[in-house]
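Examination of the molecular architecture
Here's the letter readout for the chains.
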Amino acid sequence: MGFENLNELNAMHLDVLREIGNIGSGNAATSLASMLNTTVDIEVPTISLVNYDHVSQYLGGKDRRVVGLAVGLEGDIDGVMLHVVQRQFVSRIINTFYPKEINTLDDINSMDLSAVKETSNITTAAYVNSLASLTNTFINITPPTEYIDTVENVLSKVSSNFEAVGNQVIYIDENLIIAGSTIKSSMILILEIDSLKTLFDKMGIPY
């Protein structure tokens, strides 16, 4: 008998999702190091199933301003991947390319945002490519949509723009160590139930 929501997943299913997250985060760190031409390490990420309505609590509260970059996943696996970063991450990335003081996200101009978007594109693609490789599936990434807003508004806009958003999501909380500085990064993977079943089927995991 199959599951109908992520709350019904057993320990084996969760272990598989955590392993995908671990491999994806490692590949993302490698890709990021190549782009930034500096050392990038990553602590073992914390990977949890979270109700979408509660994600704001993991991101510092609904009123915290963040940068969010969302891409749709299409093909054998359908869903959404949302990368959420805060001021410290933005400042570290921008200052890798050129010096600039970022006191708040309001200090970001179009060139700054372009640098952050490119970084996010690379890390998101690393996760998606890892997922596709592990499951032997074809996954296309749609053009990214970026947001600079409160956590509450970013999550609301993503849920309104992507039909794949469900109640439970896979939340990946990671700490990146870029040239000795530790910064927080959050990935939110939202998969349709049928796509999740495809994922487990491709990996030979009964559901």
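Above this text sits the structure in question.
Residues numbered from 1 in each chain as written. Predicted model: local features only at pLDDT ≥ 70, side-chain atom pairs only at ≥ 80, totals over all residues. Heavy atoms only, no water.

**Some points on the overall build of the protein**
Per the secondary structure count, the protein includes six helices and eight strands. For the protein, the α and β elements follow one another from N to C terminus as α-β-β-α-β-β-α-α-β-β-α-β-β-α. Whereas a compact globule of 207 residues would reach a radius of gyration of roughly 17 Å, the protein reaches 16 Å, a difference of no more than 12%. Considering only C-alpha atoms, the protein reaches an extent of 55 × 30 × 25 Å along its principal axes. When each of the 207 residues of the protein is scored for burial, the buried share is 47%. Restricting the contact set of the protein to residue pairs at least 6 apart, pairs at least 24 apart contribute 72%. Looking at the protein as shown, the accessible area adds up to about 9,500 Å², and 45% of this sits on carbon and sulfur atoms. For the protein, the distance from the average position of its 12 positive side-chain charges to the average position of its 25 negative side-chain charges is 7 Å. (Helix = DSSP H or I, 4+ residues; strand = E, 2+ residues; numbered from the N terminus. Rg over C-alpha atoms; globule rule 2.2 N^0.38 Å. Buried < 20%, exposed > 50% of the residue type's maximum accessible area, 1.4 Å probe, protein only. Contact = heavy atoms within 4.5 Å. Areas by Shrake-Rupley, 256 points an atom, 1.4 Å probe, with all protein chains shown as cover. Lys, Arg positive; Asp, Glu negative; His and termini not counted. Charge placed at Lys NZ, Arg CZ, Asp CG, Glu CD.)

**Let's talk about the side chain of glutamine 86**
By secondary structure assignment, the location of glutamine 86 is in the loop between β4 (79-85) and α3 (87-97). Reaching out from glutamine 86, the side chain makes a polar contact with the side chain of arginine 64 at a distance of 3.3 Å. Leave out the neighbours within four places in its chain, and glutamine 86 touches Leu59, Arg64, Val66 and Lys184. (Polar contact = N/O pair within 3.5 Å; in protein donor to acceptor, adjacent residues only side chain to side chain.)

**What to know about the environment of threonine 124**
Looking at the secondary structure, you find threonine 124 in helix α4 (residues 110-135). The exposure class assigned to threonine 124 is buried, which follows from its relative accessible area of 2%. Taking the C-alpha atoms as reference, threonine 124 lies 7.4 Å from alanine 28; in sequence the two are 96 residues apart. In contact with threonine 124, not counting residues within four places along its chain, are Val71, Met81, His83 and Met187.

**Topic: helix α5 (residues 151-161)**
Within the sequence span of α5, burial applies to Val151, Val154, Leu155 and Val158. For α5, the buried positions fall inside an angular range of 95° around the axis, keeping them on one side. Looking at the buried residues of α5, the elements they touch are α2 (55-58), β3 (65-75), β4, β6 (145-150) and β8 (181-191). (Arc of directions from axis to C-beta.)

**Remarks on α3**
Buried within α3 are the following residues: Phe89, Val90, Ser91, Ile93 and Ile94. If you follow the buried residues of α3, they end up packed against α1 (11-36), β3, β4, α4, β7 (168-178) and β8.

**Regarding the packing of aromatic side chains**
On inspection of all chains with the given rule, the structure shows one aromatic pair. Look at tyrosine 58 and tyrosine 171: their rings are 5.2 Å apart centre to centre, the planes differ by 50°, and that puts the pair in the tilted class. On the criterion of sequence distance, the pair formed by tyrosine 58 in helix α2 and tyrosine 171 in strand β7 is long-range, its members being 113 residues apart. For tyrosine 58, a relative accessible area of 39% gives the class partly exposed. (Phe/Tyr/Trp six-rings, centres within 6.5 Å; stacked < 30°, edge-to-face > 60°.)

**Considering the side chain of aspartate 112**
On the secondary structure map, aspartate 112 appears in helix α4. Its relative accessible area of 0% is what places aspartate 112 among the buried residues.

**A word on the environment of serine 48**
Mapped onto the elements, serine 48 comes out in strand β2 (residues 46-51). Counting along the chain gives 120 residues from serine 48 to glutamine 168, while the straight-line C-alpha distance between them is 10.0 Å. In this view, serine 48 contacts Val169, Ile170 and Tyr171; residues no more than four positions away in its chain are not counted.

**A word on the packing of α3 against α4**
For the pair α3 and α4, interaxial distance at closest approach is 9 Å and the crossing angle is 100°. By the angle between their directions, the pair α3 and α4 is classed as roughly perpendicular. Where α3 approaches α4, its residues Phe89, Val90, Ile93, Ile94 and Phe97 are matched on the opposing element by Asp112, Ala115, Val116 and Thr119. Here the residues of the contact of α3 with α4 sort into seven nonpolar, one polar and one charged. (Axes fitted to C-alpha atoms, helices over the stretch in contact; angles between N-to-C directions. Parallel < 35°, antiparallel > 145°, perpendicular 65-115°, else oblique. Nonpolar A, V, L, I, M, F, W, Y, C, P; charged D, E, K, R; others polar.)

**Concerning the nonpolar core**
Ranked by size, the top nonpolar core spans 26 residues in total, and within it Leu73, Met81, Ile139, Leu191, Leu199 and Phe200 carry the most contacts. Elements supplying a minimum of two residues to this core: α1, β3, α4, β7, β8 and α6 (193-202). At five residues, α4 tops the list of elements feeding residues into this core. Those residues within four positions of leucine 73 in sequence are excluded, and the remaining contacts are Asp78, Gly79, Val80, Met81, Val128, Ile139, Asn140, Leu189 and Leu191. (Core = buried A, V, L, I, M, F, W, Y, C linked by side-chain atoms within 4.5 Å.)

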